[in-house]
Structure formats: structure tokens, C-alpha cells
Amino acid sequence: MKGGYAGRLLHVDLTEEKTEARELPTRLQEDYLGGSGLGTRLLYDMTGPETDPLGPENVLIFVTGPFTGTKVPTSGRHQILAKSPLTGIFGEGDAGGRWGAALKGAKWDGIVVTGAASRPLYLLVEGDAVRLVAADDLWGRDTFETESVLVKRHGTTCRVAAIGPAGERKTPLAAIVHDGADARVAGRCGLGAVMGSKKLKALAVIATEDVLPLDERGLRSHLRERLPLFVENAKGLHLLGTAGGVAGAEKLGDLPLKNWSRGGWDRAAAISGQEMAATILTGRFYCASCPIGCGRTVAIEEGPYRGVVGAGPEYETLGMLGASCLVSDLEAITYAADICNRCGMDTIETGNAVAMAMEWAEKGILSPAELEGLDLRWGNAGAMVELVRRISRGETFLGRLLGQGVAAAARSLGRGLEAAIHCKGLSFPAHDPRCFNSLALGYATSDRGACHLQGGTYMFEKTALLPELGYDRPQDRHGVAGKGRLNFDAQNVMALFDSLKLCKFLLYAGATLTDIRRWLAFVTGREISLEELMRTGERLFNLKRLYNVRCGISRDDDVLPDRIVSLPRRDEGTGENLPPLTTMLEEVLRLPRLGRQGSPDAGAAPFSRPGRRGGLSPAVTLTLSFRIHPLVTSRSGEIPRRLAIEGPTTAGKIIKDLGLDETEVLAVLKGNYLPMESVIDGEVEISLYPVLAGG
């Protein structure tokens, strides 16, 4: 198929066990693009304030964008939407992997699921051949097992979206997991519970043809020009994944610590991407059409957490199940994340819930009877893992309580509400608004609750740029003036990314709005001005806000927990800074927006490691040369291109001698990540890149 759109949606009525193809009007394609925008319009039309999120009247919408399935970089994504059972308002999740590209390759723009089945079913889609299949043999299985069974049954080209036991029980923090053990997850807003309420175990999709742009030659030529830049700029994400930003985030004051109640932690490096690369990393995962490859694959072969094989934890998971609980055992966090992936749970909501319970235990808010034998001291890795297991199984008082999600659990308990760190019912992701003032505004005004991705403003306070909108240099993260406009512009841009279906890491890689306009023309033939593109993004964001206004959300709900706006972190990176939310909101209200009311294993790398120095030469003078990414800067002045030093030495010492911070810079030798303790015993060329924290 060509042109970005199949021109049809698959409607599935589970109550009647019927399926139907319906036309996707051109007007909807033009006005709402696809993905999040199109899904929001469908959700707005099909549900309302009276809709029970777990009732048959709720809809569950899977939508691709016009870029999905093409060679546009990072376009292997799709959106899932429903009224959220976690928050009671607008709910959506974005997922990468290969499922979305398969759906587009099956000649469908999306799937709209209505009703509720009387028995477990899965949906099988292979082009025009669509059928509902009994899933009694899958019900009760975890997401990895479900994917394995369906791939064995329907072939290796079958791509699977599935829920685990948490979704089957309609647990409000349940997620939808794609691609089995590679675990590309639509985690937020409890969408897995909606799927479970409909007794829909999985959607198995098989592509039947390639997805091509209208102008193949034009797109190919443009990508030959731009892809090398994207790959170069995103090298840090490729080598270390989003986990590569953990240590830098702690130093900056961004990493959540002790349930958002403290700043400064000397154990962040122990759970970092660098540590992962040196210990349990086995490879990388690329979503469809992605040149970056930030996904991690890991294996734990011994010890109490042995047996984990699959997706490695992302920055958000390490932040919430690790740092926020003061747990510095990387293998324990990885094991807990594996439980979440298998059972189908959001690691962000789960991690916040565990940290909240640890605070409750410390303050005596939970009685010994309610703790049921758990020693929830800060940093107790075993207790963290056990509590995650109890939540995943819905076992014990505390497991069932926390399974409701942070906000609902605190309300149900009736005490300790100040420990529930959320906005509009959705708990915070692992980025602190006290570090990036604009995040406070983004969390407060995000349409699905606390979300760093609906605006992504912190990216522009790091290294991302939007030159067409005047953001041609990183913004002051502790500044105040202009944050309203930044939030406004960024939310509109992110709405475009979620609708066209692009990964936001493209912004770190150097993609621009001009690139996006050209890709839209190459894929669909539609020429669009910058002004029209931005108006479209605003339309998409506004419709989500209107949905929430209809559900009773107003300005009064655009607030943050008292802890975030009144308790300074007092650490190296953030100091006494507190985000002036009220002042920034006043700027937002003056803007004309509708609805404001209301890496390979280290052992394979070509260098020696500590403890293996038997064959190293005695001290000699080494001449090292450097390739330096333009975003790498030194506090000691200009970085020399060549350096004569006495060796052998270590990568960490070299970095320090250059006036660089090892938490902020990535050293690469012959294409491999170079751990700081690695011994340098020869004349080599080292490449230096910035660590671009993702998540």
C-alpha cells in the first residue's frame, strides 16, 4: 500500500463477536492525522462522562499514524486510547516495537474495539482475513507466554499485543505488552484493564504487504542526507539506552529519590546503563524503522534473580523501582521489571506505589498487620521485589490496595495522602519538576495526568532544539519567563509526533519540523506549511482537553503535590529551586489556547579491564587522539584533539584530565562503549559523545 493511509478502520464488536471494515474519511486524515489525534476524535465521539471505563460501553482504540510502517525514522509506533480506569479521564499510551507496522502492513489504519465478550477471545488479523478466536488456553498466561504460543501457532511474522494476569483482573495499573520478551509497553492509564474488562486477551496481526511512501525516491534521498546526523547525535542512546542517563540525572537533580522527598544519592551509578552494559547486557532492540536502537536485552544467569531473559529496564523503571525506593541492586530492579512485563503492569505506577508504601511504613502509617510481614525499609531490594510480586498477583491487603494505583490507594487507605505523588490520578514519571521548571507546567496541564511526554519541555532545557519555533539553543531549566509559551509550543509538537507516529528521541537526534513536513509530503503527497502544521498540533491537544472538561476537569485540577512545589531537593543540581507553578500558569492562561479554562558485552570489547593486567606494558608515553561531538564541552576550556600522557591509564582518568564529567560524557573505542574503569594501553582514537538521558 502507498500514501500513508489504508483508508479503513477495523471495528470489532466483542459483545456480538462481529467485525466490520469502515471507511476512514479523508477529512479525518487531514484534520487529525492519525495515531493520537485520530484516536482522540474517535474516543470523543464514542464515549463521555457517563462512560464506565471498565464497562462494555468504553472503547479501546489502536491507531497507527501515516508514517507507521514506512522508512521514516522511528515510525514503528502506534497509539492506544480509552477512557482511563486509573484516572477516570482521557487515557492513552504510546508503544514502539513492530506491532503497529504489522497492522499497517495488514492494510488497516486502526482497530476500534467495543462491547465485552462473554468468554476469553483473541483477535487475529491477516490482511482482509479477520476473526475472533477462543482464548481459553491463553487466559491466565503471562504476556511472554501468550506471544510465544501465538507466534508458534500463526508464524514468525505474527506480531502480538497482549495483556497478562493483571489486565485479566482489571487491575487499574495494568498495561498492554507488545512483542513478547522484547516488551514494548503501552503502560500508562490502565489500558490493560480496559482490555481485560472486554475479555480480549490479545491482538495477533500479520502484515500482508509493504507500506510505501508515494515518493519513494524523494524519501530515500532525504534520508541518505539526514540519517547519518541522527545516528551520530543519538549514539549515547544507542550504546547505553535510556538507562545511560541515570547517573547524570541524579547529579542534575532530576532523578526521583525516596518517594520525591530528598536530593542526592551516591548509588545512582550502580543502577545505570553503564553498569548494565558491564554486567547483564546481551544486546539491543530496535523498533521498526528505528536507526537508534535504544532498547536493551539482558540476561541474569545466577543469584537470586537468575532466569531473567528479555527486555532490560528503561530509565523510568530504574528511577521508580530503583532510585525512588533507594534500591541500588540492578538485578533486583531488572527482576521486578520482568514481573511487571510478564504480568502486564506499568513500572512507573508500580514503582511509585512501592515507594509510597515504604514511606508509609517508615512513618508508621501502615500497621504490622497491614504490612503482613514485609520489611519495607528504604533500599530493601528483596522487599521491593516481593511487594511487586504481590501487586502482580493481587495478593494480600497491600498488594490489592496498591494495585489500584497511587492516588486511589491513598484515598482508599484514608491516610498518608501526602505521600501520593500524582496529578489528576496519574503518578509522576521519573523526572523532577524541581530540576526543570517547565515540567511543573507540563505535568499540571497534561491531558492524561502527570506526563513528561505530552509536552517534553525538559528536552529543550537539555539539548533538544526547535529552530523553526525560535528554540535554537537549550533553555534555562530554572528560568520562569517564557515557560508558558515553551509548554504551549512543545505540547502542540508532541501531539504531532504522537499522531504522525514518531519517537520523541528524534528531537535529541536533531530532527526538525522541516524534516517532518518533508516526510509528510514524501509519504502522503500532502504539502503543509509550518503554520498549518502547528495549528493542527494545537487542535489535537485541545480536543483532549475538551474531553477532560466534559469529564469535569477544570483549572482547579491543574495542580501539583505540595511536596513538589514546597520542599527543595537541596542537592548539587537543583539546590533550593522550586517551580513557581502559579506564575507559569498565569502565562499559559494569557495564551490563545482553547480549553485552558476549564552496547555489546564489555568482555567482547577490544580493551583490557581491571584485574586482567598481567600482560600490560610498563609505563610509556601514549599519544591519544579524540573525535569530539560538538555538544561535548569541558569545564577546563577547549578539549585537545591529541593528548600525550603516561600510560597505562584508565578511561575515567582520561575523562577527568580533559575536564569532563564521567556522568555526562560517553567514551567510545572502535564503536564500543568504553567503561570508565577500562585500561588504555596503546595509542588509540577515542570518540566522545554526550550522554543524552531519555525516558
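Residues numbered from 1 in each chain as written. Predicted model: local features only at pLDDT ≥ 70, side-chain atom pairs only at ≥ 80, totals over all residues. Heavy atoms only, no water.

**Brief notes about helix α22 (residues 513-524)**
- Taking 1.5 Å as the rise per residue, α22 with twelve residues should run 16 Å; its terminal C-alpha atoms sit 16 Å apart, in good agreement.
- Turning to α22, the residues buried within the fold contact α7 (216-233), α20 (483-500), α21 (505-509) and α23 (530-550).
- At the C-terminal side of α22, G525 shows a positive phi close to 85 degrees. (Helix = DSSP H or I, 4+ residues; strand = E, 2+ residues; numbered from the N terminus. Expected span 1.5 Å × (residues − 1). Contact = heavy atoms within 4.5 Å.)

**Here's the deal with the pairing of strand β6 (residues 110-114)**
- The buried fraction of β6 amounts to four of the five residues, a majority that puts the element mostly inside the structure.
- Alignment of strand β1 (residues 8-13) against β6, held across five bridges, turns out to be parallel. Bridge assignment links L9 to a residue of β6, and that residue is G110.
- Note: strand β3 (residues 60-63) against β6, four bridges, orientation antiparallel. The residue bridging L60 from the neighbouring strand is V113, located in β6. (Buried < 20%, exposed > 50% of the residue type's maximum accessible area, 1.4 Å probe, protein only. Pairing = 2+ DSSP bridges.)

**A word on empty space enclosed by the protein**
- Within this model, the largest cavity holds a volume of roughly 1000 Å³.
- Lining the largest cavity are 49 residues, and of these R77, D94, V185, E314 and L453 sit closest to its centre.
- Every element with two or more residues in the lining of the largest cavity is listed here: β5 (90-95), β11 (184-186), α11 (315-322), α12 (330-343), α13 (347-362), α19 (457-460) and α21.
- In terms of residue count, β5 provides more of the lining of the largest cavity than any other element does, four residues in total.
- A breakdown of the residues in the lining of the largest cavity according to their chemical character gives 23 nonpolar, 15 polar and eleven charged.
- When its volume is computed, the second largest cavity comes out at roughly 40 Å³.
- If you trace the second largest cavity, you find it lined by D447, Q454, Q491, M494, A495, D498, F541 and K544.
- Where the lining of the second largest cavity is concerned, the elements lending two or more residues are α20 and α23.
- Residues belonging to the lining of the second largest cavity are distributed by class as follows: three nonpolar, two polar and three charged. (1 Å grid on protein atoms, 1.4 Å probe; cavity = no way out; pocket = protein on both sides within 12 Å on 5 of 7 lines; lining within 4 Å. Points joined across faces, edges and corners; volume = space filled by probe spheres on them. Nonpolar A, V, L, I, M, F, W, Y, C, P; charged D, E, K, R; others polar.)

**Quick word on the sheet that holds strand β13 (residues 281-285)**
- Strand order in the open sheet formed by three strands is β13-β14-β15, and the pairing between neighbours is antiparallel. On the outer flanks of this sheet lie β13 and β15 (309-311), each paired with one strand and no other. On average, each strand axis in the sheet is tilted by 20 degrees relative to the strand beside it, whichever way the strands run.
- Two strands pair when backbone bridges link them, and β13 and strand β14 (residues 295-299) are joined in this way by four bridges, in the antiparallel orientation. (Axes fitted to C-alpha atoms, helices over the stretch in contact; angles between N-to-C directions.)

**Points about the packing of aromatic side chains**
- Per the stated rule, a full pass over the model turns up ten aromatic pairs.
- Look at F90 and Y547: their rings are 6.2 Å apart centre to centre, the planes differ by 70 degrees, and that puts the pair in the edge-to-face class. Residue F90 is located in strand β5, and its partner Y547 is located in helix α23; the two are separated by 457 residues in the primary sequence. Each member of the pair, F90 together with Y547, is buried.
- An angle of 85 degrees between the planes, with centres 6.3 Å apart, marks the rings of F230 and W519 as edge-to-face. In this pair, F230 sits in helix α7 while W519 sits in helix α22, placing the two residues 289 residues apart along the sequence. Assigned by exposure class, F230 and W519 land together as buried.
- One aromatic cluster in this structure is built from Y44, F90 and Y547. (Phe/Tyr/Trp six-rings, centres within 6.5 Å; stacked < 30°, edge-to-face > 60°.)

**A look at the packing of α11 against α13**
- Here α11 crosses α13 at 15 degrees, and the two axes come no closer than 7 Å. As the angle between them shows, α11 and α13 are arranged roughly parallel. Handedness of the crossing formed by α11 with α13: left-handed. Across from E316, T317, M320 and L321 in α11, the residues of α13 making contact are T347, I348, T350, G351 and N352.
- Grouping the constituent residues of the contact of α11 with α13 by class yields three nonpolar, five polar and one charged. (Parallel < 35°, antiparallel > 145°, perpendicular 65-115°, else oblique. Left-handed = near helix turned anticlockwise from the far one by under 90°.)

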